[in-house]
Amino acid sequence: MRQGRRVLAVSLVGALSSALAVAAPAWAETDAATAALLEQKVEPALLAEVRAEGEAELWVQFHGGPDYSAAFNAETKEEKGAAAVEAAKAFAESSQADLTAELEDEGVEYETYWASSTVKVTGGIDLLETVAAFDEVAEVVDAPEVAPVEPVEEESSFAPAATGWGIDDINAPEVWDQLGVTGEGVVIASIDSGVQYDHPALVEQYRGNNHDGTFTHDYNFYDVEGSCGSAPCDLSNHGTHTVGTMVGDDGAGNQIGVAPGAEWIAVNYYGSSMDSVLLAGQWIVAPTDWAGDNPDPSKAPDIVNNSWGRESPNDPYYQDIVELWYAAGIVPVFAAGNSGPVCGSINSPGSYEHVIAVGAYQSSGTIADFSSRGPGVDGRLKPDVSAPGLGILSSVPGDAYGSQSGTSMAAPHVAGAIALMMEAEPALRGDFDLVYEMLTGSARYAGDDRCGVTADADYIHGHGRIDALAAAQALPDGASGAITGTVTDPDGEPLEDVKLAFDGAFDRKATTGPDGAYTVSFALTGQHAVTVEKFGYQVATGTVTVTADQTAVFNAVLTPLNTTVVTGTVVDGSGHGWPLAATVSSTGGEVSTTTDPITGEFELTVPVGGVELVVEAEYGGYQTVHVTADAPDLLVEVPVATGCTAPGYTFDPLGNGFESTLAPAGWTVVDNGSAEVPWTFDDPFHYGNQTPGSGGFAFARPTGGGVVDTDLVSPVFDLSSAPEPVLTFASDFYGLAPYSQADVSVSVDGGTTWQQAWMTQDASRDTTVTVDLSTWAAADEAQIKFHYYHAYRSGYWWQIDDVLVGGTPTCAPLAGGLVHGTVTDQTGAPVAGAVVTHTASGHHAFSDAEGRYWVFAPGTGSTQLNAVDTESGSATTTVNVVPDAVTEADIVLTPTP
């Protein structure tokens, strides 16, 4: 039986018994107070599902959180783990008590989870209303869809693997040889597809190996998927590969692992359900026997490696589990994701504060194109470091070895490096902050500024490429002690999230917990100058002296600063000047608000003294702006970003980066009579951008062995206004002469006739093409056509990106206005993913999770918008466009007959 599951004697789905056994009322009959409560607490998409289907799976979350003070103040990792588990279970029991008592009284089946206080129950509107009415309930959501970070490419072989390039690149052999350190005494856990536990390169390192020909799988492998039978298994080959990179060594020369002396344990979760990933998180901090019973925190690992997540940096679905691991002294390592090269593509939970997110680089040291980039939530530095991730040799099931690529190949390099660090410096066990400091401080800084940089890191490699030898030697020698204390306000109330910096022979940092307490477990002896900071309070300073093997005490009292109300307006700063929907927050996210999307106005209470604010437009294509709140009424002008993808802007006279999943406004796709798929913009085969460009791209490829013959035609533009009559575009033409052809033609008569300007039949990969357009330099009504032809088997393609006419990328505003509104269905529920199109121009947008959309409408005056959703229907509405302004237009979809 699964941990936490309670199956009641009466199974009742969709309605409660007794008083709740009546049929679910019509939505219109729900009283105003209940409707408001549902709107406040229930995820809109879930509410819509319940209303449409009659019932749904409800995931109930609660206010508050565990008090991990005892765990943070514990001296050993084992004590930390026991205290953290006790605190998490105590909070889950208290927060869930009233709701579960009600469910039991009414005979409703439910499941509970203690690592992240959650109750799962299936029901309809009556049950939803009952759940939402409990004060302890914070939110009711749908189960997040979690997916593994699949390899980008893979190749398997039974050939020996030897030592892969990644192991050498991070200097792991130098750690083995110079320090005599292989990770002995350290346990690494894997949450992945499972492991072939008796693989020659892994069997000796399995903690369940009794080394007498027998194995004990209790507490060493958790078959959370219920797919393995009586012994560990691998549901694909991914987990065997990642564990091999962490610890693999067959004793016969195949040293594929970074820390071959460390032990491994594993959970075979692989993206199947939220149930499984929560149970996996619980098992990591308190492993159980094979049946999932009798949890024991003393058997928890030192490190946990993860290759799964969600393609969003802002999703907090696993935050509770990560904070539990952090309190228990377990170091989480996560693959950053394979959603690059777009900036801000870091996955969750890799985006969280208390995890080490890992990007992937290739043997040259440059970042892999697929590697997800930062920044993370609130501008947080992510990824934290990078590691080898392209063409990584490791173990695969069947006693074989194979090469795979992805950030999920990079993360285990980091997990293995941390194991080496922990054997070299036992003080690192159980101390995430110290591990992080040593690992990142010793990394080889890359300085790749394509997604932005900080003082000593960037949003592509993080702090840099890891160096296992430097990291294992980073902790300085010398006598040491510890520092502890409490920070309060003048009334003696504890202050949480206070940052303390200790400046001495070896600088340390700490953050207070909910009880205001903090602990620095390792500090060199001597005097340290202390700086104590919290947003909204005056900075405090002092000194503390550390003596050998003793714990020094430093307490502080912070005085609140006076506050003031800052008002302002956020507007476009590149020509249109229209109000912007934006988030305005302090640099650390301590205070935050959003602007009125129609007026751009905001109001924020901040400490007196000029707080720095971060302004991020909700519309894509704008820069992030930092301003100082030192005036009563701020005017914040936000310029467009260099890609010129903001609504209402275009490269002059012609340019496009194909960042939408649909054809850009004004561009036309033509299928010249073939039965194959013409030009697309949504990467249907998940190849990623293979051109010198980044982000989205235009793509054409035959899906079978037939013929593809397709055109991508630009809108009409004034070539005579171009600074230079030249076309450039990023291209990846994977062709096979004479069966393939890529060409560019020009028309000056509205597409009636075309003249070829460039052509190739030979493969030309990852190149920037320049085409001379001087023959048509005087044309004030020109068009360009990208034509692709292929008549052979599938597996060939043409990708294009970053089309630019004129030589100089000049981003200019188009005449028109912005339309902003909400798309709802007939019941009033917001519709996510609806396509809203300005019918006259083709400019389009997608509604977000709250049903909100924003789309550019060229011209002025009365015009039409069309909204379509495959499930909720469609609608056409008329709006009056005001140039350089925002017009509000809500749209209600009508079901398709």
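## Remarks on the overall build of the protein
If you tally the helices and strands in the protein, you get 13 helices and 50 strands. By the compact-globule yardstick of 29 Å for 897 residues, the protein fits well, its C-alpha radius of gyration being 29 Å. Overall, the C-alpha framework of the protein stretches about 85 × 70 × 60 Å when taken along its three principal axes. Within the protein, the fraction of its 897 residues that count as buried is 54%. A separation of at least 24 residues holds for 72% of the contacts in the protein among residues at least 6 apart in sequence. In the structure as shown, the protein presents an accessible area of about 34,600 Å², 47% of it carried by carbon and sulfur atoms. Charge separation in the protein, taken as the distance between the mean sites of 28 positive and 122 negative side-chain charges, equals 5 Å.

## Considerations on helix α2 (residues 44–53)
For α2, the full list of buried residues reads L46, L47, A48 and V50. Backbone geometry just downstream of α2 places G54 in the positive-phi region, at approximately 95°.

## Some words on the side chain of T440
Assignment of secondary structure puts T440 in helix α12 (residues 432–441). A distance of 2.6 Å separates the side chain of T440 from the backbone oxygen of Y436, its partner in a polar contact.

## Observations concerning the pairing of strand β11 (residues 303–306)
Of the two faces of β11, both are covered, the one formed by I303 and N305 as well as the one formed by V304 and N306. The pairing of strand β8 (residues 187–191) with β11 spans four bridges and is classified as parallel. Of the residues in β11, the one forming a bridge with I191 is N306. With four bridges connecting them, β11 and strand β13 (residues 331–335) associate as parallel partners. Within β13, the residue paired with N306 across the bridge is F334.

## Brief notes about the packing of helix α11 (residues 407–424) against α12
Between α11 and α12, the least distance of the axes is 11 Å, while the angle of their chain directions is 110°. Relative to α12, the element α11 lies roughly perpendicular. Listed contacts from α12 to V414, I418, M421 and M422 of α11 are V435, M438 and L439. Residue composition of the contact of α11 with α12, grouped by class: seven nonpolar, no polar and no charged.

## A look at the sheet that holds strand β27 (residues 582–586)
Strand order in the open sheet made by the four strands is β28-β27-β30-β31, with antiparallel pairing throughout. Sheet topology places β28 (592–594) and β31 (625–629) at the edges, where each strand pairs with a single neighbour. The mean inter-strand angle of the sheet, taken between neighbouring strand axes irrespective of direction, is 25°. The pairing of β27 with β28 spans three bridges and is antiparallel. By the bridge assignment, T583 is partnered in β28 with T594.

Calculation criteria
Residues numbered from 1 in each chain as written. Predicted model: local features only at pLDDT ≥ 70, side-chain atom pairs only at ≥ 80, totals over all residues. Heavy atoms only, no water. Helix = DSSP H or I, 4+ residues; strand = E, 2+ residues; numbered from the N terminus. Rg over C-alpha atoms; globule rule 2.2 N^0.38 Å. Buried < 20%, exposed > 50% of the residue type's maximum accessible area, 1.4 Å probe, protein only. Contact = heavy atoms within 4.5 Å. Areas by Shrake-Rupley, 256 points an atom, 1.4 Å probe, with all protein chains shown as cover. Lys, Arg positive; Asp, Glu negative; His and termini not counted. Charge placed at Lys NZ, Arg CZ, Asp CG, Glu CD. Polar contact = N/O pair within 3.5 Å; in protein donor to acceptor, adjacent residues only side chain to side chain. Pairing = 2+ DSSP bridges. Axes fitted to C-alpha atoms, helices over the stretch in contact; angles between N-to-C directions. Parallel < 35°, antiparallel > 145°, perpendicular 65-115°, else oblique. Nonpolar A, V, L, I, M, F, W, Y, C, P; charged D, E, K, R; others polar.

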